[in-house]
Amino acid sequence: MSKMRAVQVTQPNGPFELVEREIPVPAAGHVRLKVEACGICHSDSLTKEGTFPGIQYPRVPGHEVAGIIDAVGAGVVGWAKGQRVGVGWHGGYCGHCEPCRRGDFFACQWGQVTGITYDGGYADYLVAHSSALALLPEDLSAAEAGPLVCAGVTTFNSLRNSGARPNDVVAVLGLGGLGHLGVQFAAKMGFKTVAIARGSDKEPLARQLGAQRYIDSQAQDVAAELVKMGGAKVILATVTNAEAMSATLGGLGINGKFIVLGAPYEPLEVPALLLIGGRRAVAGWYSGTSIDSQDTLSFSAFTGVRAMTEVYPLERAAEAYERMMSGKARFRVVLTTGQ
Ligand SMILES: [Zn+2]
Ligand SMILES: [Zn+2]
C-alpha cells in the first residue's frame, strides 16, 4: 500500500504533526482527490483547538481544497477520474433528511464538515462525498481556487442572495480575508461598493479591489457617512468585532439588511426602533453548498476576482497556520503539495 503525507492534530491545542499515512480508499458515494492546494482558514482553529463540538482525533484540518479526482467509489454519478474539483467547508449532504427534502442542503442533519467531521486537505489525498464537489474552471489554478471555496463562496453567495440590485449601495465592513473578496465581488456584481476599514492606509487597496468609496472607521462616523449616500441596501459585516458591527448598523437604508459573516464572541447591540422604522433586518449567512462554490469559482474565473494569497509548501503547515493566525497575512494563506 502506498503512503501519503498528512498534517494532523492529535488532541485539542496539540501541535501539527507531519505523518505518513496509507492513501485512503473511497467508500461508496465518495471520491478520492489528489490534493494540489488547500487554503488555511481561521476556522481551522476549531480543529486545532478542539472547539468544534464532538470533534474526534487524530484529525487532518483543511476545508479549502482543490485537486484532481483520482479514484471514484461505487455508486458515484456524474463525476469521473481526472476532473479538477474543489471541496469547501460544506462536506456534503444526505438528500433525505428533512432540511434536505426542503431544499435546505446547507442545513443537512448529516452535518459533514471538511477537516472537522472527516479528514481535510492538509494532505496529499482527501476522500470526500460526491455531494461536496465543485467543478473547477480550467483557467483557475488550484492555489487560486482554494480560498474561493470558503472565503470566496461565503462572500459571493451572501451578496448574490442579499436582495441588493445593481446600483444599490453595498458596504463591506472589514478588509481582511473575507472583506477583500467581498469588495471585489460587490464591485463586479454592479453594486455601488463602499469599503470600510480602520486607517487611511487601506484606501488605495480598497480602490484597487473595486470600491468606489472608502470610509476610514477611525476618522469618520461610518453610519453617518453611509446615510449621506442614501443608506446602504446591504452591509456585509466581515469583521469579528461586535462594537464595530453595532456602530455600522445605523448606516442601513430603508429595507436595508445587515448580513453577519464574522463571528464575534460579544453580542451585537441592535436598536429595535432602527429595525422597525425602516423595516431593516439583521441576518446571518452560511457560506453555501458545493454548487454555490462552483458558481463562485465560475464567476471568479469569468470576472477576474482572486484572493490575495501567501503560498507555503504542505510540510510548512505549522508555520503557515501561525502566519494566518497572526492576522498579518495578506490575505489568505495557501498550502501546496507540489503534486
Ligand atoms: Zn473557512
Ligand atoms: Zn440531509
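Trainee: Just to check I follow, could you spell out the sheet that holds strand β11 (residues 232-237) for this structure?
Mentor: Each strand in a sheet pairs with its neighbour through backbone hydrogen bonds, running either in the same direction (parallel) or in the opposite one (antiparallel). Read across the open sheet, the six strands follow the order β10-β9-β8-β11-β12-β13; overall the sheet is parallel. Pairing within the sheet leaves two strands with one partner each, and these edge strands are β10 (213-216) and β13 (281-284). Sheet twist, expressed as the average angle between the axes of neighbouring strands with direction ignored, equals 20°.

Trainee: Explain the coordination of the zinc ion (ligand 1) here, please?
Mentor: Where a metal carries four tetrahedral donors, each ideal angle is 109.5 degrees; where it carries six octahedral donors, the ideal angles are 90 or 180 degrees. The zinc ion (ligand 1) binds to the protein through Cys 41 (SG), His 63 (NE2) and Cys 150 (SG); the donor distances cover 2.0 to 2.2 Å. When the donor residues of the zinc ion (ligand 1) are listed from N- to C-terminus, their spacing reads C-x21-H-x86-C. A residue pair is termed long-range when its members are at least 10 positions apart, and Cys 41 in the loop between β3 (30-40) and α1 (45-49) and Cys 150 in helix α3 (residues 142-160) qualify at 109 residues.

Trainee: I'm lost on unusual backbone geometry in this one. Help?
Mentor: Only a minority of non-glycine residues have a phi that is not negative, and only a minority of peptide bonds are not trans. The omega torsion of the bond from Tyr 57 to Pro 58 falls at -5°, within 30 degrees of zero and hence cis. In this fold, Pro 58 is placed in the loop between α1 and β4 (65-72). Of the consecutive residues Arg 330 and Phe 331, the connecting peptide bond is found in the cis state with omega at -15°. Within the secondary structure, Phe 331 is located in the loop between α10 (317-325) and β15 (332-336). Phi at Arg 279 takes a positive value of approximately 50°, unusual for a residue other than glycine. Judged by its relative accessible area of 64%, Arg 279 is exposed.

Trainee: Sorry, what's going on with the pattern of salt bridges here?
Mentor: It is possible for side chains bearing opposite charge to pair when their charged atoms get close. Under the defined criterion, the tally for this structure stands at 15 salt bridges. With its nearest N and O atoms 2.9 Å apart, the salt bridge here joins Glu 98 to Arg 102. Owing to a relative accessible area of 45%, Glu 98 belongs among the partly exposed residues under this scheme. Residue classification places Arg 102 among the exposed residues on the basis of a relative accessible area of 62%. For the salt bridge of Asp 292 with Arg 160, the shortest nitrogen-to-oxygen distance reads 2.9 Å. Residue Asp 292 is found in helix α9 (residues 290-303), and its partner Arg 160 is found in helix α3; the two are separated by 132 residues along the sequence. What makes Asp 292 buried here is its relative accessible area of 15%.

Trainee: Help me understand the pairing of β4, please; the structure alone is not making it clear to me.
Mentor: In regular strands, side chains alternate between the two faces of the sheet. Of all eight residues in β4, six are buried, a share of seventy percent or more. Where β3 and β4 come together, seven bridges link them in antiparallel fashion. Bridged to Arg 32 within β4 is Ala 71.

Trainee: I tried to follow the coordination of the zinc ion (ligand 2) on my own but got confused; where do I start?
Mentor: Within the first shell, the zinc ion (ligand 2) binds the protein through Cys 94 (SG), Cys 97 (SG), Cys 100 (SG) and Cys 108 (SG), at distances of 2.3 to 2.4 Å. Relative to the metal, the four donor atoms surrounding the zinc ion (ligand 2) lie at angles of 104 to 120°, and the coordination shape comes out tetrahedral. Taken in sequence order, the residues that donate to the zinc ion (ligand 2) follow the motif C-x2-C-x2-C-x7-C. With relative accessibility at 9%, the residue Cys 97 sits in the buried group.

Trainee: Hey, could you run me through the packing of α3 against α9 in this one?
Mentor: Axis angle and axis distance: for two packed helices, these are the angle between their axes and the distance between the axes, and together they describe the pair. Axis separation between α3 and α9 bottoms out at 8 Å; the angle between their running directions is 95°. Taken together, α3 and α9 sit at an angle that is classed as roughly perpendicular. Contacts between α3 and α9 involve Ala 145, Leu 148, Val 149, Gly 152, Val 153, Phe 156, Asn 157 and Arg 160 from the former and Asp 292, Ser 293, Asp 295, Thr 296, Leu 297, Phe 299 and Ser 300 from the latter. Along the lines of polarity and charge, the residues of the contact of α3 with α9 split into seven nonpolar, five polar and three charged.

Trainee: Any chance you could explain the pairing of strand β5 (residues 84-87) here in plain terms?
Mentor: As paired strands, β4 and β5 are joined by four bridges and run antiparallel to one another. What sits directly across from Ile 68, in β5, is Arg 84. Of the strand pairs in this sheet, β5 and strand β7 (residues 133-135) are connected by three bridges, and their pairing is antiparallel. Of the residues in β7, the one forming a bridge with Gly 86 is Ala 134.

Trainee: In this structure, what is going on with α3? I would like to understand it.
Mentor: Given 3.6 residues per helical turn, the α-helix brings residues three or four places apart onto the same face. In α3, a bend of some 50° at Val 149 exceeds every other bend along the element. The element α3 is extensively covered by neighbouring structure, given that 17 of its 19 residues are classed as buried.

Trainee: Would you explain helix α4 (residues 179-188) in this entry?
Mentor: Most of α4 is tucked away: eight of the 10 residues are buried. Regarding α4, the residues found buried are Gly 179, His 180, Leu 181, Gly 182, Val 183, Gln 184, Phe 185 and Ala 186. Phi turns positive one or two residues past the end of α4, at Gly 190, with a value near 90°.

Trainee: Help me understand the nonpolar core in this model?
Mentor: Note on soluble globular proteins: their nonpolar side chains tend to be buried together. Among the nonpolar cores identified, the biggest contains 42 residues, and Leu 159, Leu 175 and Phe 185 are the most heavily contacted of them. For this core, the secondary-structure elements that each account for two or more residues are α3, β8 (169-173), α4, β9 (192-197), α5 (203-208), β11 and α9. In terms of residues, this core owes the most to one element, α3, which gives eight residues. The next biggest cluster of nonpolar side chains, apart from the first, holds 35 residues, and it includes Ile 40, Val 85, Ala 320 and Leu 335.

Criteria and thresholds
Residues numbered from 1 in each chain as written. Chains lettered and ligands numbered in written order. Predicted model: local features only at pLDDT ≥ 70, side-chain atom pairs only at ≥ 80, totals over all residues. Heavy atoms only, no water. Pairing = 2+ DSSP bridges. Helix = DSSP H or I, 4+ residues; strand = E, 2+ residues; numbered from the N terminus. Axes fitted to C-alpha atoms, helices over the stretch in contact; angles between N-to-C directions. Donors = N, O, S within 2.8 Å, 3.2 Å for Na, K, Ca; no water. Buried < 20%, exposed > 50% of the residue type's maximum accessible area, 1.4 Å probe, protein only. Salt bridge = Lys/Arg side-chain N within 4 Å of Asp/Glu carboxyl O. Tetrahedral: all angles 85-135°; square planar, octahedral: opposite > 155°, others 65-115°. Parallel < 35°, antiparallel > 145°, perpendicular 65-115°, else oblique. Contact = heavy atoms within 4.5 Å. Nonpolar A, V, L, I, M, F, W, Y, C, P; charged D, E, K, R; others polar. Bend = angle between axes of the 7 residues up to and from the residue. Core = buried A, V, L, I, M, F, W, Y, C linked by side-chain atoms within 4.5 Å.

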